[in-house]
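The residues making up each chain are set out below.
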Amino acid sequence: MAIRFYLILVVFLLSAIVSFSLYEDQVGLMDWHQRYIGKVKHAVFHTQKTGRKRVIVSTEENVVASLDLRHGEIFWRHVLGTNDAIDGVDIALGKYVITLSSEGSLLRAWNLPDGQMVWETSLHSAQHSKSLLSVPINLKVDKDYPILVFGGGYLHAVSPIDGEVLWKKDFTAEGFEVQRVLQPLESSIIYVLGFLHSSEAVVYQIDSKSGDVVAEKSMAFPGGFSGEISSVSNDKVVVLDSTRSILVAISFVDGGISFQKTHISDLVEDSGKAEILSPLLSNMLAVKVNKRTIFVRVGGEGKLELVDSLSDETAMSDSLPVADDQVAFASVHHEGSKIHLMVKLVDDLDTVLLRESIQMDQHRGRVHKVFINNYIKTDRSNGFRALIVMEDHSLLLLQQGAIVWSREEGLASVTDVTTAELPVEKDGVSVAQVEHTLVDWLKGHVLKLKGSLLLASPEDVVAIQEMRMKSSGRSKLTRDHNGFRKLFIALTRAGKLFALHTGDGSIVWSVLLNSPACARPSGISLYQWQVPHHHAMDENPSVLVVGRCGSDSSAPGVLSFVDVYTGKEISSSDIGHSVVQVMPLPFTDSTEQRLHLIADTNGHVHLYPKTSEALSIFQREFQNVYWYNVEADNGIIRGQGMKSTCSDETADEYCFTTRELWTVVFPSESEKIISTLTRKPNEVVHTQAKVSTDQDVLYKYVSRNLLFVATVSPKGAGEIGSVTPEESALVVYLIDTITGRILHRLSHQGCQGPVHAVFSENWVVYHYFNLRAHKYEVTVVEIYDQSRAENKNVWKLVLGKHNLTAPISSYSRPEMFTKSQSYFFPQSVKTIAVTSTAKGITSKQLLIGTIGDQILALDKRFVDPRRTLNPSQAEKEEGIIPLTDSLPIIPQSYITHALKVEGLRGIVTAPAKLESTTHVFAYGVDLFYTRLAPSKTYDSLTDDFSYALLLITIVALVAAIYITWVLSEKKELSEKWR
Amino acid sequence: MTPIIRSSPVLAFLVLQFFLIFFASTLPCSFGSEDSYTITGRVKIPPSNVIGHTTKFSSVKVVLNGGQSVTLLRPDGYFTFHKVPAGTHLIEVSAMGYFFSPVRVDVSARHHGKVHATLTETRRSLTELVLEPLREEQYYEIREPFSILSLVKSPMGLMVGFMVVVVFLMPKLMENIDPEEMKQAQEEMRRQGVPSLSSLLPSAGASR
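Residues numbered from 1 in each chain as written. Chains lettered and ligands numbered in written order. Predicted model: local features only at pLDDT ≥ 70, side-chain atom pairs only at ≥ 80, totals over all residues. Heavy atoms only, no water.

- As recorded by an unreviewed UniProt entry, chain B carries the name ER membrane protein complex subunit 7 beta-sandwich domain-containing protein and is attributed to Eruca vesicaria subsp. sativa.
- As its UniProt record puts it under Sequence similarities (unreviewed entry), chain B is described as follows: "Belongs to the EMC7 family." (UniProt positions renumbered as here; feature names shortened; annotations may be inferred.)

- Identification of chain A as ER membrane protein complex subunit 1 from Eruca vesicaria subsp. sativa is taken from an unreviewed UniProt entry.
- Per UniProt, chain A has the following entry under Sequence similarities (unreviewed entry): "Belongs to the EMC1 family."

As structure tokens, then:
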């Protein structure tokens, strides 16, 4: 009966025309899109009197953007390729933005107002080296100085007008490292300073017109240089020697070189290892010694003198020329919950031009970078604005003692995402909501009706849109009946946790992670720690953030527990061992805290939470806990089981040793692991049975312990153009992670990666490149259980002779068979995900993040191995689509519609309470959220449902009934009279 | 710029002429040093006649080998990939509102980086690397203009339609029945007692 019901349901679902589609006026009703740029590396202000004031920034996400200085909005933005990191940015000729990227080998010019690329020049490069960009400040319009670029061992002079390379000079000599390229103003000589074998300073003088070397001078320095350098003026630099205790001023006036040594111990008393800070200050340099920042002035003959010393950790800006040949710089330091911004003159540190204190959110951390810009106030004095970059990557503009605008740029580097429920709406606590009167309600619906019948005037359309945006408290902070309101918890690279509301994308709370062991741990991953829904209902749900102190994988780990409702860090502990792998177990304790195992580099696993209750639960299931690890570099997959408690003296009772159960070793000369994937552990499968057309039943092989592995020939592991079809083969495996048994192996000759795969229920869909056809391909593999296939006979079911209730064990020999099919796909793919719903009844859609940073929703029916060229009538009724050689791209099924999720990296889906609906959250440089109904909202009325039309119909019906009743009564009366 | 169809030079020449009419300038497709070459091409987007297309020329991206390098267009629509090794490569164009076929590009080492391009979707060879969209993409459903038919088709419309049929067409049907049979039927009904509409409504019963 249930099967029959299911069959009817399935037929009903499949027969519906399923396609995600959106009308243009529905944009923003269910979805939101946020644009970011990432952590700012360089900033150049453009604040001329005419035109809009803007700041040009380049970021660690390889973005070059122009921001509105008044509001912080993005005028234009370009996200460059992932291996096209920006080394420098500047403005040339007052109208072009110049960027140097790809280790100093690509120079591009962008039109300042609209961001159109004007020219692009590829520069010759031969070796890895520093990349330096120097754009001359044009003082005279008629004189046209070239842009000087050093990168890859070559110095290039490039015309700023068309990007033509005027001349280039080879500096690729053995052991020679160019450190600085300097060009004094109004001079035709360029100084190139470099170190030969880190012990000899060499200065070349180059004619800026022709690129010829005019003079060359060198001088050996017996101590050797550390490589840290600060240029203090056009003919002087200060470097640190290799012991980091002596500052050496090198001046190269008029072709000669002279050294002037100064011991740091002469400047400050308690000296240690010194570090030159990066800011460019004229005739001064900043040195960090023993956590103190000291300012050292460089005199005329290279004489160094200490002028100031700051105890606190301070961020400094480059120096900025202000009026009357004076040069100023800004410094920012913390004091409690406030930051102090000071602008001082370089020549006279006692003259403070500006002193401001600003209240700063503790969860932004310390100030990392400061950029300043000045403007002339109405009273002709200098005003300053400062752009600061905080530790959580956020970008703030400070002006006149206040934060003018801020951008949460941490969200451009999301590393992990999980979902959380909002609190239940309590009685008594009523969230402010203005209930409409009936007339208003009806008016609204009449408007909607007009809209849907295209009878609305433009003003009406605006009113409708406004009404929809405000409707139904979509951004309320409580749980709703359909589960549409949720929180997405995002962990960013800066170690900050954000909770985003699904309704409008607003940040509900954010918290910067802390640790007792190290100042700022880097976040790795997020887990659901406590989700009370049966017991411990009075406790708030919480998430577990696993981080580590330092970037090395053997660095000690840090666990943080964060309350989801309040955003407060409940506790944070330094766990004293490294974190390699975190495994959530399918057990919870009495307060619904989930048990987690954390594996360290020594091969031990540690149980969390460290309570005796958790230990007793774990000990009961001790024999049933298995895990595996993948060593992709060695081509080995190892299956592990629990052995005993740790015998080390330092270890506690929550530490366990493991034993190796099985290994799968791939031959390193022919196969290299490029992708591994398992099913999502929390995925719900509605039914194991799949009814085919001829009333036949197939049983899905649904196992949580399947691992999908893709390997390619080592030659084919590179980029697409690097291998011929004969040299490369792609092999995919399905491996049972309990026994290490290879359940299925499929080989694709002449194919290569990258492989993007998705694993759900009993199927895997993966995307790879076919070198023979020179096209991308998508293959689906479905796994079915053969051992249950005999249960088809009704009599067996009636007499109870079936094995449906027999337990499934990985140790029983699996009798399974697979079906697979391949299709062409006309685009590169960045990531693939699959929709997930509460009960798993709704049909699934693949969410394909394409190379154009769009997300395509592709129905699972298109990747069904039962597709044939000519499906029979019965198969057509079931919803089987005729086989085509390539998968269709229907523009209306882009869930991102006319938007792009720039720099797309991942897609996360989460079920809503309503079975038909799923939440989709995509992250990259941008964030995008929408709600999807893969089989349309069959269990609720759509927002478009016209209540007004329903009411009008009912009223019309009642009226009609009344009229007919009157007529009928009259007729009856007249009949009686007759 | 050598013709692709080598077997029939005359035809190839004609094809070349044909292309020259459309794209007045010929492109230097490639040049470079011994092991790395340069691919230069052009993206042509026809002026759109679909309202609502807001593709900015400056946001069009050209992608080599699925993300190995990404470049943007110059104002004249030209793009260049530098330092490309000889071999077979894939170029994709990502432009909002248009669908471009990926292009298979063979950079030949023997012919000093001569570029041979083929559209992978249509298997059409290109004499020059000039990429044009295969089709425009409309991301939104277009609302059907208001029509009586759509109103009638809706569930409410069907209900009203059914009522109209019952009220106006049923009596017409009754008229067509043979008067004698009608009388017979009426008598039969009378014997059983006709449940008239007025007697069904409680208020009607009360008024009697």
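Structure shown, so let's carry the discussion forward.
Regarding the overall build of chain B
Then comes step 1: In terms of regular secondary structure, chain B is built from six helices and 11 strands.
Then comes step 2: Here chain B, with 208 residues, has 34% of them falling under the buried criterion.
Then comes step 3: Within chain B, contacts between residues separated by at least 24 positions form 57% of all contacts whose residues are at least 6 apart in sequence.
Then comes step 4: In the form shown here, chain B has an accessible surface area of approximately 12800 Å², with 63% of it arising from carbon and sulfur atoms. (Helix = DSSP H or I, 4+ residues; strand = E, 2+ residues; numbered from the N terminus. Buried < 20%, exposed > 50% of the residue type's maximum accessible area, 1.4 Å probe, protein only. Contact = heavy atoms within 4.5 Å. Areas by Shrake-Rupley, 256 points an atom, 1.4 Å probe, with all protein chains shown as cover.)

As for the UniProt feature "transmembrane region" (unreviewed entry) in chain A
Then comes step 1: The UniProt record annotates "transmembrane region" (unreviewed entry) at residues 945–968 of chain A.
Then comes step 2: Annotated as residues 945–968 of chain A, this span is 92% helix and 0% strand, and its ends, taken at the C-alpha atoms, are 35 Å apart.

Points about the confidence of the model for chain A
All names here are of chain A.
Then comes step 1: Looking at chain A as a whole, its pLDDT mean stands at 83, while 90% of the residues score no less than 70.
Then comes step 2: Across residues 1–18 the pLDDT falls below 50, and counting only partners more than four positions away or on other chains, this stretch makes 22 contacts in the model.
Then comes step 3: Per-residue pLDDT stays below 50 along residues 428–435; that stretch engages in four contacts with residues further than four places along the chain or on separate chains. (pLDDT = per-residue confidence, 0-100.)

Concerning the packing of aromatic side chains
Residue and element names in this part refer to chain A.
Then comes step 1: One pass over the structure, following the stated rule, counts 26 aromatic pairs over all chains.
Then comes step 2: Ring plane angle 20 degrees and centroid distance 4.1 Å describe the contact between Phe195 and Phe225, whose orientation is recorded as stacked. Of this pair, Phe195 sits in strand β15 (residues 189–196) while Phe225 sits in strand β18 (residues 225–233), placing them 30 residues apart in sequence.
Then comes step 3: Since its relative accessible area comes to 5%, Phe225 is described here as buried.
Then comes step 4: In textbook terms, an aromatic cluster arises when at least three aromatic residues are bridged by ring pairs, as seen for Trp32, Phe488, Phe921, Tyr923 and Tyr929. (Phe/Tyr/Trp six-rings, centres within 6.5 Å; stacked < 30°, edge-to-face > 60°.)

Things to note about the UniProt feature "transmembrane region" (unreviewed entry) in chain B
Then comes step 1: Mapped onto this numbering, the UniProt entry annotates "transmembrane region" (unreviewed entry) at residues 156–174 of chain B.
Then comes step 2: As annotated, residues 156–174 of chain B has a helix share of 100% and a strand share of 0%, and its two end C-alpha atoms lie 27 Å apart.

Points about empty space enclosed by the protein
Then comes step 1: In this structure the tally under the stated criterion is six cavities of 30 Å³ or more.
Then comes step 2: Put simply, the largest cavity is a space of about 130 Å³.
Then comes step 3: Lining the largest cavity are 17 residues, and of these Gln827 of chain A together with Val93, Ser94, Ala95 and Tyr98 of chain B lie nearest its centre.
Then comes step 4: If you list the elements that add at least two residues to the lining of the largest cavity, you get β5 (87–94) and β6 (98–99) of chain B.
Then comes step 5: Considering only residue class, the lining of the largest cavity consists of 10 nonpolar, five polar and two charged. (1 Å grid on protein atoms, 1.4 Å probe; cavity = no way out; pocket = protein on both sides within 12 Å on 5 of 7 lines; lining within 4 Å. Points joined across faces, edges and corners; volume = space filled by probe spheres on them. Nonpolar A, V, L, I, M, F, W, Y, C, P; charged D, E, K, R; others polar.)

Here's the deal with the sheet that holds strand β17 (residues 213–220) of chain A
All names here are of chain A.
Then comes step 1: Strand order in the open sheet formed by four strands is β14-β15-β16-β17, and the pairing between neighbours is antiparallel. Strand pairing shows two members of the sheet lacking a second neighbour, β14 (176–182) and β17, which therefore form its edges. Along the sheet, successive strands turn relative to each other by an average axial angle of 20 degrees, direction set aside. (Pairing = 2+ DSSP bridges. Axes fitted to C-alpha atoms, helices over the stretch in contact; angles between N-to-C directions.)

Details of the sheet that holds strand β53 (residues 729–736) of chain A
Residues and elements named next belong to chain A.
Then comes step 1: One open sheet accounts for four strands, arranged β49-β52-β53-β54; its pairing is antiparallel. Strands at the two margins of the open sheet, each flanked by one partner only, are β49 (672–678) and β54 (742–749). Pairs of neighbouring strands in the sheet enclose a mean axial angle of 15 degrees, with direction left out of account.
Then comes step 2: The pairing of β49 with strand β52 (residues 706–712) spans six bridges and is antiparallel. By the bridge assignment, Lys672 is partnered in β52 with Val712.

Some remarks on a nonpolar patch on the surface
Then comes step 1: Among the surface-exposed residues, Met159, Val160, Phe162, Val164, Val165, Val166, Val167, Phe168, Leu169, Met170 and Leu173 of chain B lie close enough to one another that they form a single nonpolar patch of about 1000 Å² accessible area.
Then comes step 2: Relative to the helices and strands, Leu169 of chain B resides in helix α3 (residues 155–176). (Patch = residues over 30% accessible without salt bridge, like charges linked within 9 Å, V, L, I, M, F, W, Y side chains within 5 Å. Salt bridge = Lys/Arg side-chain N within 4 Å of Asp/Glu carboxyl O.)

Side note on the nonpolar core
Then comes step 1: Counting residues in each nonpolar core, the largest one holds 34 residues, and the members touching the most others are Val57, Leu387, Phe921 and Leu927 of chain A.
Then comes step 2: With residues up to four places along the chain from it excluded, the contact list for Leu387 of chain A reads Ala43, Phe45, Val55, Val57, Lys369, Val370, Phe371, Leu395, Leu396, Leu397 and Trp405 of chain A. (Core = buried A, V, L, I, M, F, W, Y, C linked by side-chain atoms within 4.5 Å.)

So, helix α8 (residues 947–977) of chain A
Then comes step 1: The terminal C-alpha atoms of α8 of chain A lie 45 Å apart, and with 31 residues this matches the ideal 45 Å at 1.5 Å per residue to within 8%.
Then comes step 2: Those residues of α8 of chain A not exposed but buried are Ala948, Leu949, Thr953, Leu957, Trp965, Ser968 and Glu972 of chain A. (Expected span 1.5 Å × (residues − 1).)

Quick word on the environment of Asp106 of chain B
All names here are of chain B.
Then comes step 1: With respect to the helices and strands, the residue Asp106 is situated in strand β7 (residues 103–108).
Then comes step 2: In this structure, the C-alpha to C-alpha distance between Asp106 and Ser59, residues 47 residues apart in sequence, is 26 Å.
Then comes step 3: Here the side chain of Asp106 touches Arg104 through a polar contact of 3.3 Å, side chain to side chain. (Polar contact = N/O pair within 3.5 Å; in protein donor to acceptor, adjacent residues only side chain to side chain.)

Notes on the state of the cysteines
All names here are of chain A.
Then comes step 1: Counted according to the given criterion, the structure contains one disulfide over all chains.
Then comes step 2: Paired by a disulfide, Cys646 and Cys655 hold their sulfur atoms 1.8 Å apart. Between Cys646 and Cys655 the disulfide shows an S-S torsion of about -60 degrees. By sign, it is left-handed. For the residue pair Cys646 and Cys655, the accessibility class agrees, reading buried in each case. (Disulfide = S-S within 2.5 Å.)

Comments concerning the interface of chain A and chain B
Then comes step 1: Taken together, the contacts link 69 residues of chain A with 57 residues of chain B.
Then comes step 2: Between chain A and chain B lies a buried interface of about 5400 Å² when both sides are counted; carbon and sulfur atoms form 58% of it.
Then comes step 3: In this structure, the connection of chain A to chain B is made through one salt bridge.
Then comes step 4: Across the salt bridge formed by Glu902 of chain A and Lys61 of chain B, the nearest N and O atoms sit 3.1 Å from each other.
Then comes step 5: In this structure, the connection of chain A to chain B is made through 11 residue pairs in polar contact (both at pLDDT 80 or more).
Then comes step 6: Elements represented by at least two residues in the side of chain A that touches chain B include exactly β5 (74–79), β8 (106–111), β9 (117–122), β57 (775–785) and α8 of chain A.
Then comes step 7: Looking at the side of chain A that touches chain B, the element that brings in the most residues is α8 of chain A, giving 11 residues.
Then comes step 8: The residue makeup of the side of chain A that touches chain B, split by class, is 29 nonpolar, 23 polar and 17 charged. (Buried area = accessible area lost by both parts, 1.4 Å probe.)

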